[in-house]
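Each chain, written out:
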Amino acid sequence: MARVVVWHVPVTVTGRTTSLRLFRLRDGRRCAVGFSSAGALAELLGPEQAAVELGEPALRALTAPLGVEELVLDPRLVAAPVVPPAVAPAVPPTAARADGPGGPSTADGAARPGAGRPTTRSGARLQRR
(Lines give C-alpha, C1' and ligand atoms only; values in the text may rest on other atoms or scores of the structure.)
Protein backbone atom coordinates (compact mmCIF):
# COMPACT_ATOMS: atom_id res chain seq x y z
CA MET A 1 0.00 0.00 0.00
CA ALA A 2 1.40 3.42 -1.01
CA ARG A 3 2.02 5.89 1.77
CA VAL A 4 0.09 9.16 1.34
CA VAL A 5 2.15 12.24 2.15
CA VAL A 6 0.21 14.79 4.19
CA TRP A 7 0.41 18.41 3.12
CA HIS A 8 -0.45 21.37 5.32
CA VAL A 9 -2.80 23.38 3.10
CA PRO A 10 -3.79 27.01 3.87
CA VAL A 11 -7.51 27.67 4.18
CA THR A 12 -9.82 30.58 4.86
CA VAL A 13 -12.35 30.14 7.66
CA THR A 14 -15.51 32.26 7.59
CA GLY A 15 -18.04 31.31 10.21
CA ARG A 16 -18.73 27.61 9.69
CA THR A 17 -17.28 27.58 6.18
CA THR A 18 -13.73 26.47 5.43
CA SER A 19 -12.41 26.98 1.91
CA LEU A 20 -9.08 26.36 0.23
CA ARG A 21 -6.88 29.37 -0.22
CA LEU A 22 -5.71 29.51 -3.82
CA PHE A 23 -2.74 31.45 -5.16
CA ARG A 24 -1.37 32.52 -8.55
CA LEU A 25 1.76 31.52 -10.40
CA ARG A 26 3.97 34.15 -12.03
CA ASP A 27 2.20 33.62 -15.34
CA GLY A 28 -1.21 34.28 -13.72
CA ARG A 29 -2.54 30.73 -13.54
CA ARG A 30 -4.21 29.71 -10.29
CA CYS A 31 -2.58 27.08 -8.12
CA ALA A 32 -3.04 25.34 -4.80
CA VAL A 33 -0.15 25.19 -2.36
CA GLY A 34 0.85 22.72 0.30
CA PHE A 35 3.60 22.74 2.89
CA SER A 36 5.59 19.80 4.17
CA SER A 37 5.28 21.06 7.76
CA ALA A 38 3.16 23.43 9.81
CA GLY A 39 6.33 25.40 10.58
CA ALA A 40 7.03 26.00 6.88
CA LEU A 41 3.47 27.25 6.41
CA ALA A 42 3.71 29.60 9.40
CA GLU A 43 7.10 30.90 8.26
CA LEU A 44 5.74 32.02 4.88
CA LEU A 45 2.10 32.92 5.62
CA GLY A 46 2.29 33.81 9.30
CA PRO A 47 1.38 31.97 12.49
CA GLU A 48 -2.29 33.04 12.29
CA GLN A 49 -2.87 31.29 8.95
CA ALA A 50 -5.43 28.50 9.31
CA ALA A 51 -4.58 25.19 7.65
CA VAL A 52 -5.86 21.66 7.14
CA GLU A 53 -3.94 18.47 6.53
CA LEU A 54 -4.68 16.85 3.17
CA GLY A 55 -3.04 14.24 1.00
CA GLU A 56 -2.16 15.13 -2.59
CA PRO A 57 -5.04 13.05 -4.05
CA ALA A 58 -7.58 14.87 -1.85
CA LEU A 59 -6.15 18.27 -2.75
CA ARG A 60 -6.27 17.43 -6.47
CA ALA A 61 -9.89 16.21 -6.09
CA LEU A 62 -10.89 19.50 -4.43
CA THR A 63 -9.17 21.76 -6.96
CA ALA A 64 -9.98 19.91 -10.20
CA PRO A 65 -13.62 21.17 -10.43
CA LEU A 66 -12.25 24.71 -10.12
CA GLY A 67 -9.94 24.22 -13.10
CA VAL A 68 -6.84 24.36 -10.92
CA GLU A 69 -4.27 21.84 -12.12
CA GLU A 70 -1.06 23.16 -10.58
CA LEU A 71 0.00 22.14 -7.06
CA VAL A 72 3.06 23.73 -5.47
CA LEU A 73 4.81 22.11 -2.51
CA ASP A 74 6.73 24.43 -0.15
CA PRO A 75 6.54 27.62 -2.24
CA ARG A 76 8.93 30.49 -1.68
CA LEU A 77 7.90 34.13 -1.55
CA VAL A 78 8.59 35.78 -4.90
CA ALA A 79 6.98 39.16 -4.32
CA ALA A 80 9.01 42.31 -3.86
CA PRO A 81 9.48 43.31 -0.22
CA VAL A 82 6.82 45.61 1.14
CA VAL A 83 8.09 49.14 1.64
CA PRO A 84 6.18 51.34 4.08
CA PRO A 85 4.69 54.45 2.46
CA ALA A 86 6.68 57.65 2.80
CA VAL A 87 5.48 59.86 5.62
CA ALA A 88 4.13 63.18 4.41
CA PRO A 89 5.93 66.17 5.89
CA ALA A 90 4.17 67.67 8.87
CA VAL A 91 2.27 70.87 8.22
CA PRO A 92 3.87 73.56 10.39
CA PRO A 93 1.43 75.11 12.85
CA THR A 94 0.40 78.64 11.99
CA ALA A 95 -0.08 81.38 14.49
CA ALA A 96 -3.73 81.83 15.29
CA ARG A 97 -4.90 85.27 14.33
CA ALA A 98 -8.38 86.63 14.75
CA ASP A 99 -10.12 86.39 11.38
CA GLY A 100 -6.81 85.38 9.80
CA PRO A 101 -6.22 82.70 7.20
CA GLY A 102 -7.12 79.99 9.70
CA GLY A 103 -10.46 81.63 10.41
CA PRO A 104 -11.68 83.29 13.59
CA SER A 105 -10.10 82.33 16.89
CA THR A 106 -11.72 81.34 20.16
CA ALA A 107 -11.49 83.26 23.42
CA ASP A 108 -8.42 81.26 24.50
CA GLY A 109 -6.60 82.15 21.26
CA ALA A 110 -6.94 78.74 19.60
CA ALA A 111 -7.86 78.89 15.94
CA ARG A 112 -11.29 77.67 14.92
CA PRO A 113 -11.65 76.03 11.54
CA GLY A 114 -12.97 78.31 8.83
CA ALA A 115 -16.31 77.64 7.21
CA GLY A 116 -16.15 74.70 4.87
CA ARG A 117 -12.68 73.64 5.98
CA PRO A 118 -12.08 70.10 7.25
CA THR A 119 -11.05 69.62 10.83
CA THR A 120 -8.53 67.15 12.17
CA ARG A 121 -8.21 65.52 15.54
CA SER A 122 -5.52 66.73 17.84
CA GLY A 123 -2.16 65.35 16.75
CA ALA A 124 -3.46 64.09 13.39
CA ARG A 125 -1.40 64.85 10.31
CA LEU A 126 -2.79 65.74 6.92
CA GLN A 127 -1.50 63.85 3.93
CA ARG A 128 -1.42 65.36 0.48
CA ARG A 129 -2.40 63.13 -2.41
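Above: the structure in question.
Residues numbered from 1 in each chain as written. Predicted model: local features only at pLDDT ≥ 70, side-chain atom pairs only at ≥ 80, totals over all residues. Heavy atoms only, no water.

## Some details on the environment of Ala 42
For clarity, the cut-off: A run of DSSP states H or I qualifies as a helix once it reaches four residues; a run of E qualifies as a strand once it reaches two. Both are numbered from the N-terminal end.
Checked against the element boundaries, Ala 42 lands in helix α1 (residues 38-45). Residues Ala 42 and Pro 10, 32 residues apart in the sequence, show an inter-C-alpha distance of 9.7 Å.

## Some thoughts on the pattern of salt bridges
How we decide: Any Lys or Arg side-chain nitrogen located within 4 Å of an Asp or Glu carboxyl oxygen qualifies as a salt bridge. Buried, partly exposed and exposed residues are distinguished by accessible area as a fraction of the type maximum, computed with a 1.4 Å probe on protein chains only: under 20%, between the cut-offs, and over 50%, respectively.
Under the definition given, this model contains three salt bridges. A salt bridge links Asp 27 to Arg 29; the shortest N-O distance between them is 2.8 Å. The residue Glu 70 makes a salt bridge to Arg 29 at a minimum N-O spacing of 3.1 Å. Here the residue Glu 70 occupies a position in strand β6 (residues 70-73), and Arg 29 occupies one in the loop between β3 (22-24) and β4 (30-34), the gap between them amounting to 41 residues. Looking at Glu 70, the relative accessible area reads 30%, which means it is partly exposed. Residue Arg 29 is classed as partly exposed on the basis of its relative accessible area, which comes to 42%. Taken together, the shared-partner salt bridges in this structure form one network comprising Asp 27, Arg 29 and Glu 70.

## What to know about the sheet that holds β4
Short version of the rule: Paired strands, as defined in this entry, are two strands with at least two bridges between them according to DSSP. Note on geometry: axes are lines fitted to C-alpha atoms, helical ones only across the stretch in contact, with angles between N-to-C directions running from 0 to 180 degrees. Here, two residues are considered to be in contact whenever any of their heavy atoms come within 4.5 Å of each other.
Taken together, three strands build an open sheet; the order of strands is β3-β4-β6 and the sheet is mixed. In this open sheet, the two edge strands, each paired with only one partner strand, are β3 and β6. The mean angle between the axes of side-by-side strands here comes to 45°, regardless of whether they run parallel or antiparallel. As judged from the three bridges shared by β3 and β4, these two strands associate in the antiparallel manner. In the strand pairing of β4, Leu 22 is matched with Ala 32. Along the sheet, helix α2 (residues 56-63) contacts β3, β4 and β6; its crossing angle with β6, the most-contacted strand, is approximately 140°.

## Notes on unusual backbone geometry
In this structure, Asp 74 is a non-glycine residue whose phi angle is positive, near 50°. Its location among the elements puts Asp 74 in the segment after β6. Classification of Asp 74 by relative accessible area gives partly exposed; the value is 25%.

## Overview of the sheet that holds strand β2 (residues 17-20)
Strand order across the open sheet formed by three strands is β2-β1-β5, with antiparallel pairing between neighbours. The sheet is open, and its two borders are formed by β2 and β5 (51-55), each paired with just one other strand. On average, each strand axis in the sheet is inclined to that of its neighbour by 45°, with strand direction left out of account. The pairing of strand β1 (residues 6-14) with β5 spans five bridges and is classified as antiparallel. From the neighbouring strand, Trp 7 faces β5, where its bridge partner is Leu 54. Here α1 sits on the sheet in contact with β1 and β5, set at roughly 50° to β1. The strands touched by α2 are β1, β2 and β5; relative to β5, the strand with the most contacts, the crossing angle is about 105°.

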